[in-house]
Amino acid sequence: MVNDLEVSLDKFLGGRIELLQPKKGFRSGTDTVMMASAIPALEGDNVLEFGVGSGVALCCLGARVGRIDVYGVEIQAEIADLARRNLERCDMVGEIHCADIFDLPKELRMKQFDHVMINPPFFDAVAHTAPQIATKAKSHIAHTNVSDWVKIAGKRLKPKGSLTIIHRTESLMDILEGLGEFGDIRILPIASNLHLEAKTIIVQARKQSAGKLKLLPPFITHDLQKTETIRLKDITRGGSSLRELL
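Owing to the predicted nature of the structure, the values given are computational and were not obtained by experimental measurement. (Residues numbered from 1 in each chain as written. Predicted model: local features only at pLDDT ≥ 70, side-chain atom pairs only at ≥ 80, totals over all residues. Heavy atoms only, no water.)

**Structural notes on the overall build of the chain**
- Of the regular secondary structure elements, the chain holds 8 helices and 13 strands.
- In the chain, which comprises 246 residues, the share counted as buried stands at 54%.
- Once local pairs closer than 6 in sequence are excluded, the contacts in the chain between residues at least 24 apart make up 68%.
- When the accessible surface of the chain is summed, it comes to about 11700 Å², and 51% of that surface belongs to carbon and sulfur atoms. (Helix = DSSP H or I, 4+ residues; strand = E, 2+ residues; numbered from the N terminus. Buried < 20%, exposed > 50% of the residue type's maximum accessible area, 1.4 Å probe, protein only. Contact = heavy atoms within 4.5 Å. Areas by Shrake-Rupley, 256 points an atom, 1.4 Å probe, with all protein chains shown as cover.)

**Concerning the pairing of strand S9 (residues 157–168)**
- Within S9, 9 of the 12 residues are buried, which leaves the element mostly enclosed by the surrounding structure.
- Where strand S6 (residues 113–118) lies against S9, 5 bridges are found, and the strand directions are parallel. Across the sheet, the residue bridging to Ile-118 is Ile-165, located in S9.
- Note: S9 against strand S11 (residues 200–207), 7 bridges, orientation antiparallel. Looking at S11, one finds that Ile-165 is bridged to Val-203. (Pairing = 2+ DSSP bridges.)

Structure (structure tokens):
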């Protein structure tokens, strides 16, 4: 029990790290770990995440890269507290701010970052009914456009810094709309198997870059027998990087 929130201690990266998560509500899984695996961070870089949740992506990134300075923004106080505790568990240097990304604290507005990653709510408030669990509803239901998240994230980046987002495939137009001053845009579709359409995408771009947009071959998570592919296991259990695919 943390601040009256029932939590579990869950293993990630094949048990390499153990992190606190709420038992009910939003719980990080494959999407979160895959996003972290895509970040092109090097030791010594600083990384900001919007919608940090309980800090799973930042902790997975730190486990892969080593010593990085991490910052997170989470609107739910109890979940932000879990993220702080998880950073401590992983012996990571970082700050978690309980704030709305549309009203960032001054200390974040005064900084620029090497990398920003964002994992906005996947569903919009008009088209989807909110889950009854409050923490899950805030994590899953968006009341703002994805392009707004992208624009705000872009303001926090250094020139040539990378922005990475994971979201639903149908949000691609909104994401591209937000990437006004970005180039070197890479779109990685993620499909459950070879015969199914990609329902999720990872989009990565560089601020003030002249690189061309690239639509990459899909990342397949399972074979036709619904068994995880070796590549997915390398990422979710072995902690390997998606970088060579982006």
